[in-house]
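The chain contents come next:
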Amino acid sequence: MSAAFRAELLKLRTTRTPWVIGAVAVAGMLLTQALTLVLPRTLRTLEALGGSDAGFHVGAQMSPADTSELLSGLAAATDLGSAAAQRSMLDLLGQGPASSSSGVTALCVLLLGALAATTDFRTGGIVPTALAVPDRLRILGGKAGATATAALAIGVALALVTAVGLVVAIATTPGAGLAIGPGEALGVWARGLAVMVLLAWLGLAVGTLVRGQVAAIVVVVGLALVEPMIQAAALVLTGGATTATSWLPITLGSLASAGQGAAQLFGATTDAGPALGAAAALAGLLAWAVVLLVTAGAVFRRRDLA
């Protein structure tokens with residue numbers, strides 16, 4: 001290991017922020033898994049009520065028959081015995097059957113990278129770091145390696161949570177069995193880990209370019225919150241067709257991790273355009289990370305540290 005990598009890894013291990021970010025990511029995954037387990041049971045209960053003499057139905061304009069059909073379709077879509085639902089439960093970005101967003105995991109790893117880049121600037125530690133390692137690209141490379149290691153550690157913890165959630169789902173769902181093989185499960189986890197590393201590098205690049213810690217946090221939070229709105233608007237305007245907005249980084253991370261396109265992420269089904277594959281999405285996200293990191297490295301080399 002290089003001295004720069006060891007130093008940056010030590011910074012992450014001995015500061016509280018990465019541990020807090022990891023705890024928040026795990027807590028978000030626990031909540032997603034709990035909602036995933038509860039939602040199908042709730043839908044089945046509502047479906048049973050819809051067919052009872054009580055005449056329960058949702059919405060003043062819907063007949064009991066329409067309500068029953070709607071609830072039946074939702075229950076089938078969240079059937080924890082299906083392979084699709086089990087794959088989504090293992091997704092490290094928290095896109096389970098009970099969720100239509102990338103959850104808190106993407107935001108956490110973006111913040112991890114941004115804070116890893118800006119903490120030295122905020123505390124003034126970047127000056128002694130540069131004195132110890134004069135090559136600034138080595139400093140940035142050390143930060144990238146340490147951030148990737150931290151992201152992988154968080155990802156492994158999330159994978160354990162999803163594995164436990166899947167076991168509980170199968171054990172508590174009548175007639176359910178394991179519908180996916182070990183290789184498929186490992187593939188979902190591997191894609192999720194890769195996406196987490198690349199998103200952490202995006203955050204690192206943003207933090208290096210912006211330098212100000214508060215400003216970097218605002219940028220990455222804005223990215224995580226605004227991009228889904230852009231995707232929803234594009235979905236409505238194009239009828240679900242694949243557009244240039246499908247190549248935005250958060251969307252690419254969602255697709256690469258879960259294998260879902262933008263339309264499916266927002267609950268739509270359409271034949272308006274070809275789906276973007278998970279491999280292409282992962283390559284696109286890698287391109288974003290490389291371009292931003294190269295740009296950040298070029299700016300970091302020329303910019304004054306003080």
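On a predicted model such as this, the values are computed, not experimentally measured, just so you know.

(A) Quick look at the overall build of the protein chain. The number of helices and strands found in the protein chain is twelve helices and zero strands. For the protein chain, the α and β elements follow one another from N to C terminus as α-α-α-α-α-α-α-α-α-α-α-α. A total of 306 residues make up the protein chain; the buried ones form 42% of that total. In the protein chain, the proportion of contacts linking residues at least 24 apart, taken out of those at least 6 apart, comes to 81%. Approximately 14,300 Å² of the protein chain is accessible, and the part contributed by carbon and sulfur atoms is 70%.

(B) Looking closely at the packing of helix α5 (residues 103-123) against helix α9 (residues 213-238). Closest axis-to-axis distance for the α5/α9 pair is 9 Å, and the angle between their directions is 165°. Overall, the two elements α5 and α9 adopt an arrangement that is roughly antiparallel. Two packed elements cross with a definite hand, and for α5 against α9 that hand is right-handed. Where α5 abuts α9, its residues L107, L110, L111, A114, L115, T118, T119 and R122 lie against Q213, A216, I217, V220, V221, L223 and A224. Its residues assigned to classes, the contact of α5 with α9 comprises eleven nonpolar, three polar and one charged.

(C) Up close: the packing of aromatic side chains. If you walk through the whole model with that rule in mind, you get one aromatic pair. Relative to F300, the ring of F121 lies with its centre 6.2 Å away and its plane at 80°, an arrangement referred to as edge-to-face. Within this pair, whereas F121 is found in helix α5, its partner F300 is found in helix α12 (residues 278-302), the two being separated by 179 residues in sequence. On the basis of relative accessible area, F121 is assigned to the buried category, the value being 18%. The ring of F300 carries the charged tip of R136 above its face, separated from the ring centre by 5.9 Å.

(D) Quick look at empty space enclosed by the protein. According to the stated counting rule, one finds one cavity of 30 Å³ or more in the structure shown. In this structure, the largest cavity encloses a volume near 30 Å³. What lines the largest cavity is A117, F121, I126, L140, K143, T208 and F300. Breaking the lining of the largest cavity down by element, the ones donating at least two residues are α5 and α7 (136-172). Considering only residue class, the lining of the largest cavity consists of five nonpolar, one polar and one charged.

(E) Quick look at a nonpolar patch on the surface. On the surface, V20, V24 and V104 cluster together to form a nonpolar patch covering roughly 200 Å² of accessible area. The residue V20 is located in helix α2 (residues 16-50) in this model.

(F) The pattern of salt bridges, seen in detail. Within the structure shown, the criterion is met by five salt bridges. Between D120 and K11 there is a salt bridge; the shortest N-O distance is 2.6 Å. One end of the pair, D120, is in helix α5; the other, K11, is in helix α1 (residues 3-13), with 109 residues separating them in the sequence. Overall, K11 belongs to the partly exposed group, its relative accessible area being 25%. Each of E8, K11, D120 and K143 takes part in salt bridges that share partners, so that together they form one network.

(G) Representation of the confidence of the model for the protein chain in the model. When pLDDT is averaged across the protein chain, the result is 81; 77% of the residues are at 70 or more. A low-confidence stretch, residues 51-60 stays under pLDDT 50, and its non-local contacts, those more than four residues away or across chains, total seven contacts. Across residues 261-274, confidence stays below pLDDT 50; counting only partners more than four residues off in sequence or on other chains, it has 23 contacts.

(H) The arrangement of unusual backbone geometry in detail. You will see that R211, though not glycine, has its phi angle at about 75°, which is positive. Position of R211 relative to the elements: it lies in the loop between α8 (182-210) and α9.

(I) A look at the side chain of Q33. By secondary structure assignment, the location of Q33 is in helix α2. Here Q33 falls in the buried class, since its relative accessible area comes to 5%. Setting aside chain neighbours within four positions, we find Q33 in contact with M89, V161, T162, G165 and L166.

(J) How the structure looks around the environment of Q86. Looking at where Q86 falls in the secondary structure, it is placed in helix α4 (residues 83-89). Look at Q86 and you get buried, because its relative accessible area is 0%. Sequence-wise, Q86 and A179 are 93 residues apart; in three dimensions their C-alpha atoms are separated by 7.3 Å. Sequence-distant contacts of Q86, defined by excluding residues within four places in its chain, comprise L80, G81, L166, I170, G177, L178, A179 and I180.

Rules and cut-offs
- Residues numbered from 1 in each chain as written.
- Predicted model: local features only at pLDDT ≥ 70, side-chain atom pairs only at ≥ 80, totals over all residues.
- Heavy atoms only, no water.
- Helix = DSSP H or I, 4+ residues; strand = E, 2+ residues; numbered from the N terminus.
- Buried < 20%, exposed > 50% of the residue type's maximum accessible area, 1.4 Å probe, protein only.
- Contact = heavy atoms within 4.5 Å.
- Areas by Shrake-Rupley, 256 points an atom, 1.4 Å probe, with all protein chains shown as cover.
- Axes fitted to C-alpha atoms, helices over the stretch in contact; angles between N-to-C directions.
- Parallel < 35°, antiparallel > 145°, perpendicular 65-115°, else oblique.
- Left-handed = near helix turned anticlockwise from the far one by under 90°.
- Nonpolar A, V, L, I, M, F, W, Y, C, P; charged D, E, K, R; others polar.
- Phe/Tyr/Trp six-rings, centres within 6.5 Å; stacked < 30°, edge-to-face > 60°.
- Lys NZ or Arg CZ within 6 Å of the ring centre and 35° of its normal.
- 1 Å grid on protein atoms, 1.4 Å probe; cavity = no way out; pocket = protein on both sides within 12 Å on 5 of 7 lines; lining within 4 Å.
- Points joined across faces, edges and corners; volume = space filled by probe spheres on them.
- Patch = residues over 30% accessible without salt bridge, like charges linked within 9 Å, V, L, I, M, F, W, Y side chains within 5 Å.
- Salt bridge = Lys/Arg side-chain N within 4 Å of Asp/Glu carboxyl O.
- pLDDT = per-residue confidence, 0-100.

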